[in-house]
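Descriptive structure summary
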Amino acid sequence: MSAVLGLERPQVVSHVQQALSYTVFDCKWVPRSARLMCLGSAARGTGIIQLYELHGARLEVLREIEKPKPIKCGTFGATSLQQRYLATGDFDGNLNIWNLEAPEIPVYSVKGHKEIINSIDGVGGLGIGEGAPEIVTGSRDGTVKVWDPRQKDTPVANMEPVQGESKRDCWTVAFGNAYNQEERVVCAGYDNGDIKLFDLKTMSLRWETNIKNGVCSVEFDRKDINMNKLVATSLEGKFHVFDMRTQHQTKGFASVSEKAQKSTIWQVRHLPQNRDIFMTSGGSGSLHLWKYEYPAQRSKKDSEGSEMGVAGSLSLLQNVTLSTQPISSLDWSPDKKGLCVCGAFDQTVRVLIVTKLNKI
């Protein structure tokens, strides 16, 4: 029986490896194409944006653009499918939006933060999520800001430490709950283990918790539905899956956690075609593929009669070690199920194929 199950397990196959002459911090598929972007830092301290096209078993460089400052992160999430503009955050706190067909001058540029932008996310573009196209940035300066590219210079929301509260390095940000014109949340993770959920409709802190370890990556399983699941990964090999459907007034959201490895879990990304499957990337150069199983009932009543969530369970579908260095970025293709790109600190970008995802 187990042998049969073994045959059905997904395999993570390294399809193409491309050595880079710079440190890659983020990689992204260009929607509706066989193209991908690599963003990073050259040895001389400048920023690099590279555009590749996948041709069978090789990657062809279509364009390389050098910018004054190293580029830390990027998103297509706030652009239309027609334009496919790339928004980036750099080491100097600048938010820029690039037209990749004419990348000499950004179509939008703002000095968003005093220090490095560690993380960026977009929503309202690509036909995903209702409401205005918006970009969220999280920075070492302790602030989380939301930008509408149609508005110049000033953020539409600014979440910063209250008076007297110490400034924490924000490592990761993600949009969620964008299922109608009004609702929208931002989740942010910080270096001290804080996770904060900001409600953009009421401009208030909706929920916060602490996972006792720096929060490296947060992602909702989907941005464009009622909040469903949120995964948060940490500095010391543990990650947490929160069921975001039922919020208890004192206990918050139910969660399940898993210690995947000893090293940092740098990133989590949900499979776009099946949001109960997600991949985590590790400091040991490994990838782990997980499946979340829902409990028989997702909520129950506590002794006071209040609804509280019930966490599900996790199963490890596959793991593979690809690099001797951390895999710092990961992105699934939105168009081809099982196609994935990851960037590692061994200065290599890898295109992967994950098989048998239809059998799970």
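The structure displayed is predicted, hence computed values, not measured ones.

We now examine the layout of surface pockets. Sizing a probe to match a water molecule and rolling it over the atoms shows the empty space that remains. As a volume, the second largest pocket reaches approximately 280 Å³. Taken together, 16 residues form the lining of the second largest pocket, with Glu 160, Pro 161, Val 162, Glu 165 and Lys 196 sitting closest to its centre. At the level of secondary structure, the elements contributing two or more residues to the lining of the second largest pocket comprise β13 (157–159), β16 (194–199) and β17 (204–210). The element contributing the most residues to the lining of the second largest pocket is β16, with 3 residues. Here the lining of the second largest pocket is built from residues that sort into 6 nonpolar, 4 polar and 6 charged.

This part is about the sheet that holds strand β29 (residues 339–344). Spatial ordering of the open sheet is given by β1-β30-β29-β28, a layout of 4 strands whose pairing is antiparallel. At either end of the open sheet lies a strand with only one pairing partner, and these are β1 (12–19) and β28 (327–332). Pairwise comparison of adjacent strand axes, ignoring direction, gives a mean angle of 20° for this sheet. Where β29 lies against strand β30 (residues 348–354), 6 bridges are found, and the strand directions are antiparallel. When the sheet's bridge partners are listed, Gly 343 is paired in β30 with Val 349.

Further remarks concern a positive patch on the surface. Taken together, Lys 212, Lys 238, Lys 259 and Lys 262 make up a surface patch of like positive charges. Topologically, Lys 259 is positioned in strand β21 (residues 255–259).

This part is about the environment of Gly 45. Relative to the assigned elements, Gly 45 resides in the loop between β3 (35–41) and β4 (47–55). Judged by its relative accessible area of 32%, Gly 45 is partly exposed. In this structure, the C-alpha to C-alpha distance between Gly 45 and Pro 68, residues 23 residues apart in sequence, is 7.9 Å. Beyond its immediate sequence surroundings of up to four residues, Gly 45 is in contact with Pro 68, Lys 69 and Pro 70.

Even without glycine at this site, Asp 153 takes up a positive phi of about 75°. Counting through the fold element by element, Asp 153 comes out in the loop between β12 (144–147) and β13. Backbone geometry at Gln 347 places phi at a positive 55°, although glycine is not the residue there. With respect to the helices and strands, Gln 347 occurs in the loop between β29 and β30. Judged by its relative accessible area of 30%, Gln 347 falls in the partly exposed class.

The rules we used
Residues numbered from 1 in each chain as written. Predicted model: local features only at pLDDT ≥ 70, side-chain atom pairs only at ≥ 80, totals over all residues. Heavy atoms only, no water. 1 Å grid on protein atoms, 1.4 Å probe; cavity = no way out; pocket = protein on both sides within 12 Å on 5 of 7 lines; lining within 4 Å. Points joined across faces, edges and corners; volume = space filled by probe spheres on them. Helix = DSSP H or I, 4+ residues; strand = E, 2+ residues; numbered from the N terminus. Nonpolar A, V, L, I, M, F, W, Y, C, P; charged D, E, K, R; others polar. Pairing = 2+ DSSP bridges. Axes fitted to C-alpha atoms, helices over the stretch in contact; angles between N-to-C directions. Patch = residues over 30% accessible without salt bridge, like charges linked within 9 Å, V, L, I, M, F, W, Y side chains within 5 Å. Areas by Shrake-Rupley, 256 points an atom, 1.4 Å probe, with all protein chains shown as cover. Salt bridge = Lys/Arg side-chain N within 4 Å of Asp/Glu carboxyl O. Lys, Arg positive; Asp, Glu negative; His and termini not counted. Charge placed at Lys NZ, Arg CZ, Asp CG, Glu CD. Buried < 20%, exposed > 50% of the residue type's maximum accessible area, 1.4 Å probe, protein only. Contact = heavy atoms within 4.5 Å.

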